[in-house]
2 protein chains.
Amino acid sequence: MTYSAPVAETVFFLEHCTGLKKLASSGAVADLSEDVVRSVLEEAGKFAAEVLAPMNRIGDLEGAHFANGKVTMPKGFVEAYRAWAGAGWSAVSAPQQWGGQGLPVMLNASCIEYWTSACMAFAVGPMVSMAAIEAFATHGTDALKRLYLEKIVTGEWMATMQLTEPQAGTDLSLLRTKATRQKDGAYRLQGTKIFITYGEHDMTGNIIHFVLARLPDAPPGNKGISLFLVPKFLVKNDGTLGPRNDVRCASIEHKMGIHASPTCVMVYGDNEGALGYLIGEENKGLACMFTMMNNARLAVGVQGVGIAERATQQALNFARERKQGRAQGSGDSASPIIAHPDVKRMLMTMRALTNASRAICLKNADAIDRAHHATDEGDRYVAQEEANLLTPISKAFSSDAGIEVSSLGIQVHGGMGYIEETGAAQHYRDARIAAIYEGTNGIQAMDLVTRKIGQSEGKTMERMLAGYRETARRLATLKDAAFGAIAPRLSEAIDALERANVHLRTALDKKPNDALAGATPFARLFGLVAGAVYLAEAAQASRLSMATGNDDPAHLARIATARFFAENLLPQAGGLERIVIAGAESVMQSDFVLSA
Amino acid sequence: MTYSAPVAETVFFLEHCTGLKKLASSGAVADLSEDVVRSVLEEAGKFAAEVLAPMNRIGDLEGAHFANGKVTMPKGFVEAYRAWAGAGWSAVSAPQQWGGQGLPVMLNASCIEYWTSACMAFAVGPMVSMAAIEAFATHGTDALKRLYLEKIVTGEWMATMQLTEPQAGTDLSLLRTKATRQKDGAYRLQGTKIFITYGEHDMTGNIIHFVLARLPDAPPGNKGISLFLVPKFLVKNDGTLGPRNDVRCASIEHKMGIHASPTCVMVYGDNEGALGYLIGEENKGLACMFTMMNNARLAVGVQGVGIAERATQQALNFARERKQGRAQGSGDSASPIIAHPDVKRMLMTMRALTNASRAICLKNADAIDRAHHATDEGDRYVAQEEANLLTPISKAFSSDAGIEVSSLGIQVHGGMGYIEETGAAQHYRDARIAAIYEGTNGIQAMDLVTRKIGQSEGKTMERMLAGYRETARRLATLKDAAFGAIAPRLSEAIDALERANVHLRTALDKKPNDALAGATPFARLFGLVAGAVYLAEAAQASRLSMATGNDDPAHLARIATARFFAENLLPQAGGLERIVIAGAESVMQSDFVLSA
């Protein structure tokens, strides 16, 4: 159950397949260099492996504990958090103006992968804080930021995102928490929030809640929602803590996984109402919250990568040691199970899905960084739309990969995988939440189809497809047997994605329910193509490196992984296209089945 | 979390798509009639829903409890078991000669589905007993049977199957438990067995273990394994209990699911060795055990169906009540989520996979029944090979379906699905074991490819394919829009399966590792085709019934389910064929990846 962060793999991808080098040479990010990137990732990997990874099973067994309104974290979590924040890990990509290091989102995303691999239930808390930082920095007033932001950035305090209510999950228009204006410009909040990640805990001296609520005169629906900052302890103007605010944790949930992550029911306004401060404008809270959510959605995708990486490493270790059966062509004694073709297939599927998901998430983070830092405004706009397009893929494909890979991890272990002590089962239980929170994967697919593929009249999607074709075209010119059928499989799959895209854009106008019915297989198709293309880019970079005499065996591994993905996972593309194009009618004509 | 057994659906399939009617009219099974079938299933469904289903969550929360060598079952389990055995449910398809009812395996398989839907952790214990009954009845001596068999058949005692040891799981050739001949013809056993389902408990006064062990002079490997009956309490010749045998439960496992099913470490021979009695011949124990295992493998497939059915019912209920968002074309208020196309897709996938898995398992059971009861010896032989061919599909496809469907069940619930109180998570945790025990699904796929498709020089497989083609051909003659593209999709998918089959049979000779590397996608392909064909047969039977004026809406539901399966799941067939045929090389050339 040891974990080793894949630093070399991350660095290779960032250097060869993203805009990192260009960003570093542009000077837009101070002190960014290859050395900085490598040393940040090495230190993060070390912290993850040495401090966080050993807590993972303790956290699962003990869980967060609730009593009398207080949440006690499992043994070691408070100390680990303080060491983590003390080392500056909460501030990696936060604004320098507010105490952050201002490093690229790519780098922070990789760190989040490592924290998650080591201990997902720990990682999810800071991840929420980071998402809140971005929204707060973008939409908060300077007065509020001076009091709160730096302490969140440095990790002295943590932040929460509070959207969900019992009747309002996916559909925020239904939310009821009330905010009432006070004479001094502040607000008082009353209501109940559920499923609040790290809503209460003993890791920090204060917790800053970002809460969606509705003003008494707000318009109904999504256009009447405002965002408020509500501290657990009120903060005086000199920054010291005042009295407790009128908000409390009423209970925590018993969940299938991430037991150490307290999922809280939060009650506002037992007495006069919790004091809150407006973020952004009244009734425009949803737009502010979406700033958080896009950040958080990529981060949840990265969680999928993290769990998948951990499960893959564990399964590989087991498969090398466990001996059962005799592989073809081996001697008389039992072979390590890694020698059996069916086990190889499972392990290669795990590795390929993990690396493809990482590649998608890093490409997404790269687009976000370009949207922030590109010198040309047009480039920034294009990059932002590219990031918007990739976000639902990062979230849905990678969280699904976390589930699939951790399930294969159990399978590789056989009976041992079902025994909790082994740890494979915990990954499977932990991974499952990532397909649900920050917008279920179905919501991601609908977001992709209804909002993202149509950006700029479809041009962003077309540009993406053209880039994919360019990769396929370059690969087709290679005469290298190690690449197998990557080029033709890629080319066919891109065709399939393009036809499905055209179909959906037409259907959106004429038969919107058919488009919605095709959303999930379309998102899967897109994810498979994107993963295959990005792995192929890395493989090609490896080949170029080999041509210069670099004999790192990781190069051959990258080529073999890309090939496996293209020949064993990407062939699903054709079927998915057909499902998108021809499957919707039987989805919609299902009333006789579903009403039975 | 209520459960309602799908009796009407079972009866329809048995009557229209299996040999049940023919079997009843042949007189080979005494007292078999449509009324008997319906009333057995209705009573089973009632017992499952009323007695077992309410225990499911209690069993999950309490689990089986181990202390001082004893296992205490969760609250209510002992009483429920006694009521269950008292009503004759352990004896449904057991031999009449030994107190059984001698009813078809089809009927018992359906009952096992209901027990599993209601409470999988309960159902798995009796399921093991039933498998043991078959092996014991086939291979045991009359003297042993007189003492033990009827009490196992009536459920007064339960039985276990004991194969696995720490170093010998999939690979039984490595097992080390020793058996030493005694002067009186009995044996003494020493060794340790692990992962023993219901190895110890307080539900019955005695437990009869069927244990694989090795004689001192046995040849090495699989040809030196013998099967022994080892009672927990020795049994005197008058049938009363004697002293405790030298076997004990040393501990039970902490598993991810089926918490109420005690998974035991069993220790033989703390003192003089446990007294055991040979079943079958010395060194031929594996063949006897395979009698059990084929029975048990079908039953594990049926477990997948049971969990899938329960998860589907629960998700449907939730989706009808939970209101979020407005579906296209609905009014101003929030719609039940079942109205959203993406949720419809999830629910239809659940229903279609569940019904397809059930159909595969019932066709498999039908083949077993024909192998037992057909009047012509040649027919029995053919039926047995058909059963052999379908067994790995029943086991692997249906247990995978249990996992996929229970995962979708969580997804339909959104955040609530991850909270243990909802129950959806338990199904997901419980379902996961079925892909592992009784031979992992990878082992099933290899069994299919290396032993089953080549039976009778491939003629059994060809006959199966010809039958599938006949179904597709009949459907192609229908001019009924409700059938959508079932016929063309079926026809293409059967082509794909046939080509993959031909490829594998050639590869087995020339490049056996390539065949093994393609085993899992081939098994999936076979399962998809079989499921689609059998759902289509049911749909066609429904159409015929409608043509006679029967206006049961279940007919339209069957047609819509078959169509959904053909148009939204079966299109994966083409990609799977390609993976089987062209994917193996990149599986086998993976050393640079897997050694990294």
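Overview of the structure. Here the structure is a predicted model, which is why all the values come from computation and not from measurement.

Thresholds applied
- Numbers given for residues are sequential positions, taken from 1 along each chain in its written order.
- Think of it this way: whatever chain is written first is A, whatever ligand is written first is 1, and the rest follow in order.
- Where totals are concerned, whole chains, interfaces and linings use all residues; where local detail is concerned, this predicted model gives features only for residues with pLDDT of at least 70, and gives and counts side-chain atom pairs only at 80 or more.
- Side-chain numbers here rest on the full set of heavy atoms in the structure, without hydrogens or water.
- For helices the rule is a DSSP run of H or I covering at least 4 residues; for strands it is a run of E covering at least 2, with both sets numbered from the N terminus onward.
- Two cysteine sulfurs form a disulfide in these notes if their separation is within 2.5 Å.
- Categorising residues by exposure relies on relative accessible area from a 1.4 Å probe, with only protein chains included: less than 20% of the type maximum marks a residue as buried, more than 50% marks it as exposed, and the intermediate range marks it as partly exposed.
- Only one rule defines a salt bridge in this text: a Lys or Arg side-chain nitrogen within 4 Å of an Asp or Glu carboxyl oxygen.
- Contact definition: two residues touch when any of their heavy atoms are within 4.5 Å.
- To qualify as a nonpolar core, a set must consist of buried Ala, Val, Leu, Ile, Met, Phe, Trp, Tyr and Cys residues joined through side-chain atoms within 4.5 Å.
- Note: buried area is the sum, over both parts, of the accessible area (probe 1.4 Å) each one loses when the two are combined.
- A 3.5 Å cut-off defines polar contacts: any pair of N or O atoms within that distance qualifies, except that in protein one atom must be a possible hydrogen donor and the other a possible acceptor, and neighbouring residues in sequence count only when both atoms are side-chain atoms.
- Under the grouping applied here, Gly and all other residues not named as nonpolar or charged are polar, the nonpolar ones being Ala, Val, Leu, Ile, Met, Phe, Trp, Tyr, Cys and Pro and the charged ones Asp, Glu, Lys and Arg.
- Alignment of copies: least-squares fit on C-alpha atoms of residues with pLDDT of at least 70 in both copies.
- Only the six-membered ring of Trp is used, alongside the rings of Phe and Tyr, when aromatic pairs are assigned; centres must lie within 6.5 Å, and planes under 30 degrees apart are stacked while those over 60 apart are edge-to-face, with the rest tilted.
- Whether a charge lies above a ring is judged from NZ of Lys or CZ of Arg, which has to be within 6 Å of the ring centre and within 35 degrees of the ring normal.
- Each axis is a line fitted through C-alpha atoms, taken for helices only over the stretch in contact, and angles between the N-to-C directions span 0 to 180 degrees.
- Angle categories are assigned with fixed cut-offs, so that under 35 degrees is roughly parallel, over 145 is roughly antiparallel, 65 to 115 is roughly perpendicular, and the rest are oblique.
- Crossing handedness: left-handed means the near helix sits turned counterclockwise from the far one by under a right angle, and right-handed means the same turn made clockwise.

**Observations concerning unusual backbone geometry**
- A positive phi is found at Tyr198 of chain A, a non-glycine position, where the angle reads about 55°.
- Relative to the helices and strands, Tyr198 of chain A resides in the loop between strand 5 (187–197) and strand 6 (207–213).
- Of note in this structure, Asp31 of chain B is not a glycine but carries a positive phi near 60°.

**Notes on the state of the cysteines**
- Here the structure, examined in full by the defined rule, presents zero disulfides over all chains.
- In this structure Cys17 of chain A is not part of a disulfide, and its nearest cysteine sulfur, from Cys361 of chain A, lies 15 Å away.
- Given a relative accessible area of 5%, Cys17 of chain A falls into the buried group.
- With no disulfide of its own, Cys119 of chain B lies 16 Å from the sulfur of Cys111 of chain B, the closest cysteine sulfur.

**Some words on the pattern of salt bridges**
- Per the stated rule, a full pass over the model turns up 63 salt bridges over all chains.
- Through salt bridges with shared partners, a single ionic network connects Glu113, Glu309, Arg351 and Arg358 of chain A.

**Examining helix 11 (residues 424–431) of chain A**
- Counting buried positions along helix 11 of chain A yields eight of eight residues, so the element is predominantly enclosed.
- Taken together, the buried positions of helix 11 of chain A are Ala424, Ala425, Gln426, His427, Tyr428, Arg429, Asp430 and Ala431 of chain A.
- Along its buried surface, helix 11 of chain A packs onto helix 4 (56–62), helix 6 (105–139), helix 8 (285–321) and helix 10 (377–413) of chain A together with helix 10 (377–413) and helix 11 (424–431) of chain B.

**Details of the nonpolar core**
- Among the nonpolar cores identified, the biggest contains 319 residues, and Trp115, Phe522 and Phe526 of chain A together with Trp115, Phe522 and Phe526 of chain B are the most heavily contacted of them.
- In terms of residue count, helix 6 (residues 105–139) of chain B provides more of this core than any other element does, 17 residues in total.
- With sequence-adjacent residues up to four places away left out, Phe522 of chain A is seen in contact with Leu448, Val449, Ile453, Met461, Leu497, Ala500, Asn501, Leu504 and Val580 of chain A.

**Some details on the interface of chain A and chain B**
- Counting residues at the interface gives 89 residues for chain A and 89 residues for chain B.
- Between chain A and chain B, the buried area comes to about 7700 Å², and carbon and sulfur atoms account for 59% of it.
- Together, Met256, Tyr418 and Leu594 of chain A form the three largest contributors to the area buried by chain A at its contact with chain B, with a combined 11%.
- Here chain A is connected to chain B by six salt bridges.
- As a salt-bridge pair, Glu492 of chain B and Arg578 of chain A come within 2.7 Å of each other at their nearest N and O atoms.
- Between chain A and chain B we count 50 residue pairs in polar contact (both at pLDDT 80 or more) in total.
- Considering each element in turn, the side of chain A that touches chain B owes the most residues, nine residues, to helix 17 (residues 553–569) of chain A.
- Of the residues belonging to the side of chain A that touches chain B, the class tally is 41 nonpolar, 26 polar and 22 charged.

**Side note on the relation of the copies chain A and chain B**
- Of the transformation placing chain A onto chain B, the axial shift is 0.0 Å and the rotation is 180°, giving an RMSD of 0.0 Å. Between the two chains, the operation in question is that of a two-fold axis.
- Of the interface residues in chain A, 100% have counterparts in chain B that sit at the interface too, so the contact is made through matching surfaces.

**Some thoughts on the packing of aromatic side chains**
- Per the counting criterion, the structure on display carries 25 aromatic pairs over all chains.
- Pairing Tyr81 of chain B with Trp84 of chain B gives two aromatic rings, centres 5.8 Å apart and planes at 35°, and the pair type is tilted. Within this pair, Tyr81 of chain B and its partner Trp84 of chain B are both found in helix 5 (residues 77–86), separated by three residues, close to a single helical turn.
- Given a relative accessible area of 2%, Tyr81 of chain B falls into the buried group.
- An aromatic cluster is present here, built from Phe47, Phe77, Tyr81, Trp84, Trp89, Trp115 and Phe122 of chain A joined pairwise through their rings.
- Above the ring of Phe12 of chain A, the side-chain terminus of Arg558 of chain A is found at 3.6 Å from the ring centroid.

**Quick look at the packing of helix 8 (residues 285–321) of chain B against helix 9 (residues 341–373) of chain B**
Residue and element names in this part refer to chain B.
- The geometry of helix 8 relative to helix 9 is characterised by a closest axis approach of 9 Å and an angle of 155° between their N-to-C directions. One element, helix 8, and the other, helix 9, form an angle in the roughly antiparallel class. Crossing angle aside, the handedness with which helix 8 passes helix 9 is left-handed. Within the contact between the two elements, helix 8 uses Leu298, Gly301, Val302, Val305, Ala308, Glu309, Ala311, Thr312, Ala315, Leu316 and Ala319 and helix 9 uses Val343, Leu347, Met350, Arg351, Thr354, Asn355, Ser357, Arg358, Cys361, Asn364, Ala365 and Ile368.

**Comments concerning the side chain of Arg429 of chain A**
- Along the chain, Arg429 of chain A falls in helix 11.
- Here the side chain of Arg429 of chain A touches Asp60 of chain A through a polar contact of 2.7 Å, side chain to side chain.
- With near-sequence residues (within four places) excluded, Arg429 of chain A lies in contact with Asp60, Met256, Gly257, His259 and Glu420 of chain A together with Met256, Tyr418 and Arg429 of chain B.

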